[in-house]
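# Summary of the model geometry
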Amino acid sequence: MIPGTFDYHRPTTVESAVALLLQLGEDARPLAGGHSLIPLMKTRLAAPEHLVDLGAIEGLHRVERIGDDVVIGAMTTQHSVINSSLLADLVPILRETALVIADPQIRYKGTIGGNCANGDPGNDMPALMQCLGASYTLTGTGGNRQVSARDFYLGAYETALAPGEILTEIRIPIPPTGHGYGYEKLKRKVGDYATAAAAVVITMAAGTCTSASIGLTNVSETPLWAAEAARILVGSTLDVATVDAAVAAAEAITTPASDMRGPAEYRTKMAGVMLRRALGRARVRATV
Amino acid sequence: MTKSHIKVTINGKTVEALVEPRTLLIHFLREQQNLTGAHIGCDTGHCGACTVDMDEMSVKSCMTFAVQAHGASITTIEGVANADGTLSALQEGFRMMHGLQCGYCTPGMILRAHRLLQENPNPTEDEIRNGIAGNLCRCTGYVNIVKAIQYAAAKINGTPFQEAAE
Ligand SMILES: Cc1cc2nc3c(=O)[nH]c(=O)nc-3n(C[C@H](O)[C@H](O)[C@H](O)COP(=O)(O)OP(=O)(O)OC[C@H]3O[C@@H](n4cnc5c(N)ncnc54)[C@H](O)[C@@H]3O)c2cc1C
Ligand code: FES
Ligand code: FES
């Protein structure tokens, strides 16, 4: 399978990349790791006339703590996320999630920015970003703007990115020390997108849940932030009846497609099962 | 469409070439460089037969454009043997442990195992299996591939290895 022809550009600064994208217009696309875009181009589902490779822009490969946030440059690979001790200490759910994305080879090239900007409901990072309350820095010729991950996804492959804009960094508020977390993903095999997956972050105090946030992957056209399900958990001891109610609330907002991963009803139920398991793990991990 | 000029180091040798931007790295290696060791299995990023080592990463070359390799250093199976032509520890391991049958997956398996052992010189069986999770083998059932990698790790580390091939 051979992609259609295109012109290749390799800018070395964000400014020149966004200027190029704006100038080339609709026929141009940014290229990050290429592991979602190249498969689409090989099957000719995408045929951009210009690719603007972000790989030579230096400032986009970085992970740092800035105040109460961690800031991850868009071109940071999943492999670097997995191996970052800063992230393992401060936001360990990132590593847990990155490890269930695709396979080792794809994680060396696939970037966190590409995963979040792609807009494919099958991507694992977007629901996690919604769970963590992350915000994306979008850079255009006019400068930067911040968009919350919870507002960024408009539909399948439809995002808040304006023409000519690129996602340059992801800012994640550091969860409190002692928080519990879990990312649970049901997949048929290594390298498969989720049948359903759930990201959970909670805090506990004296046996009571004091805060909760939940994201769901691949059970709608967009990732889902399950605000109502999380609200039900807060103030409870995570007793069986409360967890049942939260799982029901999460299942209620899913609208999965029936596909080769199973019928819609099954995928909805699996979203519930993944949530239950992720929550169970988060609870064990939380310092009470 | 303009061709792009690229400069890459392949198995220690610097190569300059003009490529169409849409040329995939696997096609560049196989068709322009006559390095036919890396194979095309699935052409969709799943099987790992096309795996090469690029700037200390295991990369699926069917999912990478040759232009993205500009400035990179690449190792293919043709560059894996020792300088005197004898088999590398991994090649020897695959031979001694019967880690291959048809051999189609083998170049990708060896390049992936090479990077795995660079990053983790003494992996557990579980770490090996997770480490090669992006490489499919239709023949062996993986048991002897795992042993081949354990054999190589032991040889590199200078520790004993007694396991027999199954
Ligand atoms: C076999 C296989 C299995 C996979 N399994 C999984 C999986 O289980 N879970 C999962 O989440 N993913 C999976 N993926 C996809 C993989 O994680 C991709 O790497 C990821 O979705 C996209 O990141 P990328 O860096 O490769 O982006 P690219 O493919 O380069 O880009 C993807 C899209 O985003 C745009 N884009 C990229 N970066 C930016 C940016 N900074 N700003 C604006 N737009 C940008 C591009 O223009 C393109 O439209 C799999 C891929 C393969 C081939
Ligand atoms: S041919 Fe590249 S992964 Fe199968
Ligand atoms: S030896 Fe035949 S595919 Fe692995």
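Residues numbered from 1 in each chain as written. Chains lettered and ligands numbered in written order. Predicted model: local features only at pLDDT ≥ 70, side-chain atom pairs only at ≥ 80, totals over all residues. Heavy atoms only, no water.

So, about the overall build of chain A. Counting its secondary structure elements, chain A contains 12 helices and 14 strands. The C-alpha radius of gyration computed for chain A amounts to 19 Å, which stays within 12% of the reference 19 Å derived for 288 residues, consistent with globular compactness. Based on the C-alpha atoms only, the size of chain A along its principal axes is roughly 60 × 45 × 30 Å. Here chain A holds 288 residues, and the buried ones make up 58% of them. Partitioning the contacts of chain A with sequence separation of at least 6, the portion at a separation of at least 24 is 62%. (Helix = DSSP H or I, 4+ residues; strand = E, 2+ residues; numbered from the N terminus. Rg over C-alpha atoms; globule rule 2.2 N^0.38 Å. Buried < 20%, exposed > 50% of the residue type's maximum accessible area, 1.4 Å probe, protein only. Contact = heavy atoms within 4.5 Å.)

Bringing the overall build of chain B into the picture now. When you go through chain B residue by residue, the secondary structure sums to 5 helices and 5 strands. Each helix and strand of chain B, ordered N terminal to C terminal, gives the series β-β-α-β-β-β-α-α-α-α. Its C-alpha atoms give chain B a radius of gyration of 16 Å, within 12% of the compact-globule value 15 Å for 166 residues. Projected onto the principal axes, the alpha-carbon positions of chain B cover approximately 55 × 30 × 25 Å. By residue count, 52% of the 166 residues in chain B fall in the buried class. Within chain B, counting contacts between residues at least 6 apart in sequence, those at least 24 apart form 53% of the total. If you sum the accessible surface of chain B, you get close to 7500 Å²; carbon and sulfur atoms cover 47% of it. For chain B, the distance from the average position of its 13 positive side-chain charges to the average position of its 16 negative side-chain charges is 5 Å. (Areas by Shrake-Rupley, 256 points an atom, 1.4 Å probe, with all protein chains shown as cover. Lys, Arg positive; Asp, Glu negative; His and termini not counted. Charge placed at Lys NZ, Arg CZ, Asp CG, Glu CD.)

If you walk through the whole model with that rule in mind, you get 5 aromatic pairs over all chains. Here Y151(B) and F161(B) contribute two aromatic rings whose centre-to-centre distance is 5.7 Å and whose plane-to-plane angle is 80°, an arrangement assigned as edge-to-face. Taken together, the residues span a long stretch of sequence, with Y151(B) in helix α5 (residues 143-157) and F161(B) in the segment after α5 at a distance of 10 residues. Here the basic side chain of R150(A) rests over the ring of W225(A), its NZ or CZ set 3.7 Å away from the ring centre. (Phe/Tyr/Trp six-rings, centres within 6.5 Å; stacked < 30°, edge-to-face > 60°. Lys NZ or Arg CZ within 6 Å of the ring centre and 35° of its normal.)

The subject of this paragraph is the interface of chain B and chain A. Contact with chain B, which involves 35 residues of that partner, is made by 31 residues of chain A. Run the count over chain B and chain A and you get 2 salt bridges. Taken together, chain B and chain A are joined by 11 residue pairs in polar contact (both at pLDDT 80 or more). Within the residue set of the side of chain B that touches chain A, elements represented by two or more residues are β3 (51-54), β4 (57-60), α3 (106-119) and α4 (125-131) of chain B. Sort the elements by how many residues they give to the side of chain B that touches chain A and β4(B) lands first, with 4 residues. Class assignment for the residues of the side of chain B that touches chain A results in 11 nonpolar, 16 polar and 8 charged. (Salt bridge = Lys/Arg side-chain N within 4 Å of Asp/Glu carboxyl O. Polar contact = N/O pair within 3.5 Å; in protein donor to acceptor, adjacent residues only side chain to side chain. Nonpolar A, V, L, I, M, F, W, Y, C, P; charged D, E, K, R; others polar.)

A separate point is the site of ligand 1. The local shell around ligand 1 holds 31 residues, among which R29(A), P30(A), S36(A), T111(A) and D124(A) are the closest. Ligand 1 sits at a junction of chains, with neighbouring residues supplied by chains A and B. L37(A) is positioned with one of its backbone polar atoms (N or O) 2.8 Å from an oxygen atom of ligand 1. The contact in question runs from an oxygen atom of ligand 1 to an N or O atom on the side chain of K185(A), over 2.8 Å. For ligand 1, whose accessible area on its own is 960 Å², the fraction buried by protein is 97%. Elements represented by at least two residues in the shell around ligand 1 include exactly β2 (28-31), α7 (112-117) and β10 (166-173) of chain A. Tallied by class, residues from the shell around ligand 1 come to 14 nonpolar, 13 polar and 4 charged. (Near = heavy atom within 4 Å.)

Turning next to the pattern of salt bridges. Enumeration according to the criterion identifies 23 salt bridges over all chains in this entry. Salt bridges sharing partners connect three or more residues here, namely R62(A), E64(A), D69(A), E169(A) and R171(A).

To continue, consider the packing of α3(B) against α5(B). Residues and elements named next belong to chain B. In the contact formed by α3 and α5, the axes pass within 11 Å of each other and the chain directions differ by 45°. Comparing their axes, α5 and α3 come out oblique. Along this stretch, α3 crosses α5, giving a crossing that reads as right-handed. Residues M109, A113 and L117 of α3 lie in contact with α5, whose contacting residues are I145, I149, A152, A153 and I156. Partitioned by chemical class, the residues of the contact of α3 with α5 number 8 nonpolar, no polar and no charged. (Axes fitted to C-alpha atoms, helices over the stretch in contact; angles between N-to-C directions. Parallel < 35°, antiparallel > 145°, perpendicular 65-115°, else oblique. Left-handed = near helix turned anticlockwise from the far one by under 90°.)

What follows is about the domain arrangement of chain A. Residues and elements named next belong to chain A. Domain boundaries in chain A define domain 1 (7-53), domain 2 (60-173) and domain 3 (181-285). The C-alpha centroid of domain 2 is placed 18 Å from the C-alpha centroid of domain 1. Of the residues lining the interface, 10 residues belong to domain 1; the matching set on domain 2 comes to 14 residues. Taking both sides of the interface into account, the surface hidden between domain 1 and domain 2 amounts to around 1000 Å²; carbon and sulfur atoms contribute 79%. It is V14, V18 and H35 that lose the most area in domain 1 upon contact with domain 2, and together they represent 43% of the buried surface on that side. Across the domain 1-domain 2 interface, the total number found is 0 salt bridges. At the junction of domain 1 with domain 2, the criterion picks out 1 residue pair in polar contact (both at pLDDT 80 or more). (Domains from an automatic or database assignment. Buried area = accessible area lost by both parts, 1.4 Å probe.)

Here the focus is the packing of helix α2 (residues 89-96) of chain B against α3(B). Residues and elements named next belong to chain B. Look at α2 against α3: their axes get within 10 Å of each other, and the N-to-C directions meet at 125°. Compared by their axis directions, α2 and α3 come out oblique. Considering the relative orientation of α2 and α3, their crossing is right-handed. Facing α2, whose interface residues are L90, Q91 and F94, α3 presents T106, M109, I110, A113, H114 and L117.

What follows deals with α5(B). All names here are of chain B. With 15 residues, α5 extends 21 Å from end C-alpha to end C-alpha; this agrees with the ideal 21 Å at 1.5 Å per step. Every buried residue of α5 is listed here: N144, I145, V146, K147, A148, I149, Y151, A152, A153 and A154. Those residues of α5 that are buried lie in contact with α2, α3 and α4. (Expected span 1.5 Å × (residues − 1).)

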